[in-house]
Amino acid sequence: MISDVVQEIWQALDEVKDPEIPVVSLVEMGIVRDVVIDKSQVIITITPTFSGCPALHAMKTDIVQRLNTLGYANVEIQTTFTPAWSSDWISESARAKLREFGLAPPPIHHGDLNVMLWEVATCPYCGSTKTSIRNSFGPTACRMIYYCNACNQPFEQFKPL
Amino acid sequence: MNPESKQALIDYLITMADDELILGHRNSEWCGHAPILEEDIAFANIALDEIGHAIVWYELAADLQGEEREAYANHMVYFRDVRDYRNTQLVELPKGDWAFTMLRQYLFDQFEMMRLEKLAQSSYAPFAEAATKIRTEEIYHLRHTQAWARRLGLGTEESHRRMQAALNDLWPYALALCEPSNRAELLTQGGYIPDSRALKTAWLEQVTAYLGEVGLAIPTDSSNLPLSRTHHTEHLGQLLSDLQQVARLDPMAKW
Ligand SMILES: [Zn+2]
């Protein structure tokens, strides 16, 4: 049955990690949007977290390689901005993994990116909210830098988007 | 979409892409040279975002022409000459001092933000979708440059003096951002892009109020020279020779 095949592909994609955050998968991050099988071709639709994300190429290569090993030779990857990626889509399991990785997950914003709310971030190391923003930009496009005044450590937060 | 509107929309997308590309390149020049480490990181990120946005606009222009996206974007970036670029002179000016860089970025970001809000309702769906996406990213740029404009405008005597000098120099160039592009009215009538005059009025109101709040005065005597997107300063040639040098050395190279 087609749906079993699609299911198998989703499972395989759940093993493809985010190149910049190797503890979470592209599926958990909400980057993989759709899997369609058209005759012998597999069409995967992904959406970038950031429109200029330099890891997009690596993601595409990784997806193709993973599906090739499953025996799918003809893989096409399409990118979409509809709907635009939201950090709210990051799954609960991924949020826990991000925290463990030392990266504070983005607060859920329900589509309302109210700037002031972002000032409060929870430290992934000690759980304190006595934190302050140090830089809206960080080592990758999707992260910003905070400082925890409770455990005196800098940490990164995934940007709400 | 009729052929005339289509061509006008392609031209419009290229003006947007060229602005983002050239400004992104200028911002990248701070990499390793910014006054503090945090800003080195910030401007490297802003450069990356702007160049990423340029690619999105080039790709939309490619789709409208039935061109292959990546090949088209590479061609537009690496194999056009100065006379083919359609960016405003605002973005090609050398990076100047920190005040100049910050204020230019603020003026651009504010315009970009207001334009994207309108473009999110474009009648050309791919344009509206890309604008919706990019707008969320630009929120971070604008927040950053607004904060720095405040810090420098209301900071020390020196930071204020440098900001006011930068504003005096930048102002006529910034106004050129709002100039309607080729057949813009046709695009506005079709609902593809916002009305240039209304956008200019809204932008002027916003930046005048904000800059006033941070102690900076819009120059009143600046010559309102019509800075066309088809004319460039000598600075663009120098920038492009830097940007294009490697690609042109070996056009067939695979990366
Ligand atoms: Zn802590």
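Since we're looking at a predicted model, the values are computed, not measured.

Draft legend 1. Representation of the environment of Asp-84 of chain B. Residues and elements named next belong to chain B. Along the chain, Asp-84 turns up in the loop between α3 (69-78) and α4 (89-92). Taking the relative accessible area as the measure of exposure, Asp-84 reaches 31% and is therefore partly exposed. The spatial distance from the C-alpha of Asp-84 to the C-alpha of Leu-170 is 23 Å, given a sequence separation of 86 residues.

Draft legend 2. Main features of the environment of Glu-138 of chain B. Residues and elements named next belong to chain B. Examined against the element boundaries, Glu-138 turns out to sit in helix α6 (residues 125-153). On the basis of relative accessibility, which here comes to 0%, the residue Glu-138 falls in the buried class. Along the backbone, Glu-138 and Gln-110 are 28 residues apart, and their C-alpha atoms lie at a distance of 9.1 Å. The contacts of Glu-138, once residues within four sequence positions are left out, are Glu-20, Glu-50, His-53, Asp-109, Glu-112, Met-113 and Leu-116.

Draft legend 3. Region of interest: the pairing of strand β3 (residues 32-38) of chain A. Residues and elements named next belong to chain A. Relative to strand β4 (residues 41-46), β3 is paired through six bridges, and the arrangement is antiparallel. Its bridge partner lying in β4, Val-32 is registered against Ile-46. Linking β3 to β4, which pair antiparallel, is a turn of two residues; within it Lys-39 sits at a positive phi near 55°.

Draft legend 4. Structural context of the coordination of the zinc ion. All names here are of chain A. Taken together, the protein donors to the zinc ion comprise Cys-123 (SG), Cys-126 (SG), Cys-148 (SG) and Cys-151 (SG), at separations of 2.3 Å. Here the zinc ion binds four donor atoms, and the angle range of 106 to 113° at the metal identifies the geometry as tetrahedral. Owing to a relative accessible area of 3%, Cys-123 belongs among the buried residues under this scheme.

Draft legend 5. Geometry of the nonpolar core. Counting 124 residues, the largest nonpolar core has Ile-44 of chain A together with Trp-57 and Phe-127 of chain B as the members making the most contacts within it. No other element matches the 13 residues that helix α5 (residues 98-119) of chain B contributes to this core. Two domains each donate at least three residues to this core, and these are domain 1 (2-79) and domain 2 (95-158) of chain A.

Draft legend 6. Spatial organisation of the domain arrangement of chain A. All names here are of chain A. Split by domain assignment, chain A resolves into domain 1 (2-79) and domain 2 (95-158). The C-alpha centroid of domain 2 is placed 27 Å from the C-alpha centroid of domain 1. Note that Glu-28 is salt-bridged to Lys-97, the shortest N-O span being 2.7 Å. At the junction of domain 1 and domain 2, the tally comes to two residue pairs in polar contact (both at pLDDT 80 or more). For the side of domain 1 that touches domain 2, a count of residues per class yields six nonpolar, no polar and two charged.

Draft legend 7. Inspection of the sheet that holds strand β8 (residues 143-148) of chain A at higher detail. Residues and elements named next belong to chain A. Taken in spatial order, the four strands make up an open sheet running β6-β9-β8-β7, and their pairing is mixed. Lying at the two open borders of the sheet, with one neighbouring strand each, are β6 (103-104) and β7 (131-135). Both β6 and strand β9 (residues 153-158) contribute to a ladder of two bridges, which runs parallel. Bridge pairing in β9 links Ala-104 to Gln-157.

Conventions used here
Residues numbered from 1 in each chain as written. Chains lettered and ligands numbered in written order. Predicted model: local features only at pLDDT ≥ 70, side-chain atom pairs only at ≥ 80, totals over all residues. Heavy atoms only, no water. Helix = DSSP H or I, 4+ residues; strand = E, 2+ residues; numbered from the N terminus. Buried < 20%, exposed > 50% of the residue type's maximum accessible area, 1.4 Å probe, protein only. Contact = heavy atoms within 4.5 Å. Pairing = 2+ DSSP bridges. Donors = N, O, S within 2.8 Å, 3.2 Å for Na, K, Ca; no water. Tetrahedral: all angles 85-135°; square planar, octahedral: opposite > 155°, others 65-115°. Core = buried A, V, L, I, M, F, W, Y, C linked by side-chain atoms within 4.5 Å. Domains from an automatic or database assignment. Salt bridge = Lys/Arg side-chain N within 4 Å of Asp/Glu carboxyl O. Polar contact = N/O pair within 3.5 Å; in protein donor to acceptor, adjacent residues only side chain to side chain. Nonpolar A, V, L, I, M, F, W, Y, C, P; charged D, E, K, R; others polar.

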